[in-house]
Amino acid sequence: MALAEIATDVKAVTKEKKGVGPWRSALRRFLRNKSALAGLILIAFFVGAAVFAPYIAPYDPLIPDLKNRLAPPSAAHLLGTDYMGRDILSRIIYGARISLRVGLITVSIALVVGTLMGMLAGYYGRIWDTIIMRFTDIMLAFPSTLLAIAIMAILGPKLINAMIAIGVVQIPQFARIVRSSVLSVKEFEYVDAARALGLKNGPIIFKHLLPNSLAPIIVQATLSVATAIIETAGLSFLGLGAQPPTPEWGAMLADSRAYLRIAPWTVAFPGLAILIATMGMNLIGDGLRDALDPRMKE
Amino acid sequence: MRRTSLVLTLVALLVISLAGTTMAAKKGGTLIFGRGGDSVGLDPANVTDGESFKVTRQIYDTLVQFKRENTEVIPGLAHSWDVSEDGKVWTFYLREGIKFHDGTPFNAEAVKFNFERWMYEDHPYHIGGDFAYWGYMFGGYPGIVDHVEAVDEYTFRVYLKEPLGPFLNNLAMPCFGIASPTAIKKYGEDFFKNPVGTSAFIFEEWVRDDKIVLRANHDYWGEGPYLDKLIFRSIPDNSARFIELQAGTIDIADGLNPDDVEFIKRDPNLKLYLRPSMNVGYLAMNQMKEPFDNVLVRRAINHAINKEAIVEAFYAGLAQPAKNPLPPSVWGYNDNIEPYEYNPAKAKELLKEAGYPNGFTADLWAMPVPRPYMPDGRKIAEAIQADLAVIGIKTNIVSFDWGTYLQKTEAGEHDMALLGWTGDNGDPDNFLYVLLDKDNAKVGSAGNIAFYKSDELHELLIKAQQSSDKEERTKLYMKAQEIIHQDAPWVPIAHSTPPIGAKAYIKDYIPHPTSAEKLNQVWLDK
């Protein structure tokens, strides 16, 4: 009991000493990075669309109007209509909800499982390390889309299953990143100190190792959201992800490709939405990486 | 009116074909036929899909065959035939000197072997499939056929238990192609991928989901073949297939997006063919499952679907909305049937009356490949999904690869399934008995995938089968369509005129209403 109190005191002291903390200086660096800001704006735009979809979408994304099918962009339909006469703009806006959810859920799966595996491997080492790392090697040996398709074959074609599949596929990346940063962090004196003070493995991992390994995890998570959006679109394109009439961007792309020549807008706009969303996430990810890199400190 | 326009088309086609033959046909060259799906198998007795018959038509001959442009029966492997007074004994006089591609002589014994393989379930070579078509056409195994006999080397006789109106037309169907007994015995279960027949093309190679390669049979007994090689390529994506046609990597493409037809008309290097309409695309509601066993629900669904809009949007107008299972081009069509009008309010009322005021959830199956009767099943399913959502029926669209899709629908695993039928022989029996009689609602090999079992209908259809008086048969089929309309096992969707695109140098190509034309007379003018 007493030892634990001392430990928290030690932590409190280190915190006070920080002054301009590394997080704040990272934030400053991030905001000064123009491309990262651009990414942030793009993503803010999509998040806004997702959150306020019912208020800003001009039409119901699911109700067809066959008389008006394949209408080119006009004042009534800013981005035109698809093969069912549905408003493409409204579908893209609602699609943002799906893509956002896809990004969050898949990355949560990969993040939680991957981080736990990486911690285990990095902190306990030995047999844990061997088992977990060989396992991730095996997973990394497969092309990610192929692995996702294989998982989908077992789970069946559904959007939620696509999210699980892609989440699982991304686990190894998190596991490796966490493991390598844990390996370096656990050699620091404060970890020895904490152990000397009698802290158990659990608190050491979650109070010391995890917070200090957070930077690379955040970067990877941001980049993974982008990958997840693209991969889900890919699975939906193959007919394995979102099922009709769900306005998922990849599915929209796949279902419209027959009309590429006579109604190019039905393909172009969902494609652009995927491009812009993933580009935005990647710009943020790159910006975060630069900002969180300790070597970039002023 | 429709009948006369059909006759006119046929006459026009005939004139065109005659005009075509005045040009001397050139020999040589390879023709690549692009289509939407691979063949399921090349043993014609064991398949039911058009993509298989498209190929087996080139390899096998039938005892009698259809004219190039319609379903009139002309001599095939039999140069003539006669039938007994009571209509029960058919005698076929076979052509002499024909050999199968493997050198086996063609004779009455070979024909007898084929028939017995099809009709007896305990025949040692009744293997490799369920011989569904024999059952569809002859009502079981052996069904209406009592026995067959090889009278002498070139005379073959079929003894029927009852007279069968469409008997001769049935035998011209590609599924009754005569195969080499030697090859059947040699390959057993694997015969479906080692086909051997007597026709104009010899099987060479099959790369699954890619292509089937055939080469010319220079000893063919009929006209031609003019082509050296004939390749069937499977290109599932409609636009990709059309782009390949434009690029010249294939010579003929069927299953076009109706929206692409405009491009063909504008392109001087391409020629548009319209296959004469003899098909129906439909939505079958599986009566083995709730709530589709309730006729009110089935009628509600009939009222809920806007066929006109579907035809306009997904067939580019190259079809007419259906109200009967029988297409208007087949005799016996009942034009007096009043179709279920599109009326969601009425549909809702019927659902309420049936005890489903809030609707229900069901699976809606859609075929994964373009079919002549339905150019894009998944999109039509989407339109139906939206129509049904209006009356509270929530549907999940389900799809499998083509072979699995057929298997699973034949086994009745679906709630509602889109499917269709292209007539094989121009006889109403080939639609009504095959697709809606209780005899063909057998789980596992069903032609009647609505699993609709009506004794009243069955009686009519059997009576019509056993008559050879066309007037009487017409009356019976008219009545049958009324019963079907009342019971509403399907939502009949459309009768299409499937568009086919071909390079302008393709000569003497005549699309057959049955969807499986022989290509022995086709040649390349280049």
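Residues numbered from 1 in each chain as written. Chains lettered and ligands numbered in written order. Predicted model: local features only at pLDDT ≥ 70, side-chain atom pairs only at ≥ 80, totals over all residues. Heavy atoms only, no water.

Each partner contributes residues to the interface: chain B has 20 residues there, and chain A has 15 residues. For the pairing of chain B and chain A, the buried interface totals around 1,600 Å² over both sides, and the portion due to carbon and sulfur atoms is 54%. When residues of chain B are sorted by the area they lose upon contact with chain A, D259(B), K379(B) and E382(B) head the list and together hold 31% of the total. The tally of links from chain B across to chain A stands at three salt bridges. Where chain B meets chain A, there are seven residue pairs in polar contact (both at pLDDT 80 or more). If one sorts the elements of the side of chain B that touches chain A by residue count, helix 12 (residues 377-390) of chain B sits on top with six residues. Residues belonging to the side of chain B that touches chain A are distributed by class as follows: ten nonpolar, four polar and six charged. (Contact = heavy atoms within 4.5 Å. Buried area = accessible area lost by both parts, 1.4 Å probe. Salt bridge = Lys/Arg side-chain N within 4 Å of Asp/Glu carboxyl O. Polar contact = N/O pair within 3.5 Å; in protein donor to acceptor, adjacent residues only side chain to side chain. Helix = DSSP H or I, 4+ residues; strand = E, 2+ residues; numbered from the N terminus. Nonpolar A, V, L, I, M, F, W, Y, C, P; charged D, E, K, R; others polar.)

A cluster of like negative charges, contributed by E96(B), E109(B), D152(B) and E153(B), occupies part of the molecular surface. Mapped onto the elements of the fold, E96(B) is located in the loop between strand 5 (89-94) and helix 3 (108-119). (Patch = residues over 30% accessible without salt bridge, like charges linked within 9 Å, V, L, I, M, F, W, Y side chains within 5 Å. Areas by Shrake-Rupley, 256 points an atom, 1.4 Å probe, with all protein chains shown as cover. Lys, Arg positive; Asp, Glu negative; His and termini not counted. Charge placed at Lys NZ, Arg CZ, Asp CG, Glu CD.)

This part covers the packing of helix 7 (residues 144-155) of chain A against helix 8 (residues 159-185) of chain A. Residue and element names in this part refer to chain A. Between helix 7 and helix 8, whose axes approach to 9 Å, the crossing angle comes to 135 degrees. Comparing their axes, helix 8 and helix 7 come out oblique. The handedness of the crossing between helix 7 and helix 8 is right-handed. Note on element contacts: helix 8 touches helix 7 through N161, A162, I164, A165, I166, V168 and V169, opposite S144, L147, A148, I151, M152 and L155. (Axes fitted to C-alpha atoms, helices over the stretch in contact; angles between N-to-C directions. Parallel < 35°, antiparallel > 145°, perpendicular 65-115°, else oblique. Left-handed = near helix turned anticlockwise from the far one by under 90°.)

This part covers the nonpolar core. One finds F92(B), F115(B), I301(B) and L418(B) to be the most contacted residues of the largest nonpolar core, which totals 223 residues. Broken down by element, the residue count for this core peaks at twelve residues, all from helix 5 (residues 88-124) of chain A. Beyond its immediate stretch of four places on either side in the chain, L418(B) contacts Y282(B), L283(B), W365(B), A366(B), M367(B), M374(B), G377(B), I380(B), A381(B), I384(B), Y405(B) and I493(B). Counting twelve residues, the second largest nonpolar core, distinct from the first, contains I32(B), V213(B), L245(B) and I264(B). (Core = buried A, V, L, I, M, F, W, Y, C linked by side-chain atoms within 4.5 Å. Buried < 20%, exposed > 50% of the residue type's maximum accessible area, 1.4 Å probe, protein only.)

Let us look at the environment of R69(A). Inspection of the secondary structure assignment puts R69(A) in the loop between helix 4 (53-56) and helix 5. Distance in space between the C-alpha atoms of R69(A) and Y124(A) is 60 Å, their sequence separation being 55 residues. Sequence-distant contacts of R69(A), that is, excluding residues within four places in its chain, are made with T81(A), D82(A), Y83(A), M84(A), G85(A), Y259(A), D259(B), A313(B) and F314(B).

Here we take up the confidence of the model for chain A. Taken over all residues, the pLDDT of chain A has a mean of 85, while the share at 70 or more is 92%. Within chain A, helix 1 (residues 2-17) of chain A has the poorest average pLDDT of any element, 49, and helix 4 of chain A the best, 92. (pLDDT = per-residue confidence, 0-100.)

What follows deals with the sheet that holds strand 19 (residues 499-503) of chain B. Taken in spatial order, the seven strands make up an open sheet running 8-9-10-1-11-19-12 (chain B), and their pairing is mixed. The open sheet has two free edges, formed respectively by strand 8 (201-207) and strand 12 (270-274) of chain B, since each of these has just one partner strand. (Pairing = 2+ DSSP bridges.)

Residue and element names in this part refer to chain B. Taken as a whole and judged by the stated rule, the model has six cavities of 30 Å³ or more. By volume, the largest cavity amounts to about 340 Å³. As for the largest cavity, its lining consists of 28 residues, of which T48, D49, G50, G420 and W421 are closest to the centre. Those elements giving two or more residues to the lining of the largest cavity turn out to be helix 2 (50-59), helix 4 (132-138), helix 13 (402-410) and strand 17 (416-422). Here the lining of the largest cavity is built from residues that sort into 15 nonpolar, nine polar and four charged. (1 Å grid on protein atoms, 1.4 Å probe; cavity = no way out; pocket = protein on both sides within 12 Å on 5 of 7 lines; lining within 4 Å. Points joined across faces, edges and corners; volume = space filled by probe spheres on them.)

Glancing now at the packing of aromatic side chains. In total, this model carries 32 aromatic pairs over all chains according to the counting rule given. For the ring pair F113(B) and Y125(B), a centre distance of 5.9 Å and an interplane angle of 45 degrees mean the geometry is tilted. Residue F113(B) is found in helix 3, and its partner Y125(B) is found in the loop between helix 3 and helix 4; the two are separated by twelve residues along the sequence. Here Y125(B) falls in the partly exposed class, since its relative accessible area comes to 22%. Each ring, one from Y133(B) and one from Y136(B), has its centre 5.4 Å from the other, and the planes form 65 degrees; the classification is edge-to-face. In this pair, Y133(B) and Y136(B) are both assigned in helix 4, three residues apart and thus about one turn of the helix distant. For the pair Y133(B) and Y136(B), a shared accessibility class is recorded, and that class is buried. By the ring-pair criterion, three or more aromatic residues cluster together here, those being W90(B), F115(B), W118(B), W134(B), F138(B), F156(B), F167(B) and F176(B). Across from the ring centre of F263(B), 4.6 Å away, lies the NZ or CZ of R261(A), which sits over that ring. (Phe/Tyr/Trp six-rings, centres within 6.5 Å; stacked < 30°, edge-to-face > 60°. Lys NZ or Arg CZ within 6 Å of the ring centre and 35° of its normal.)

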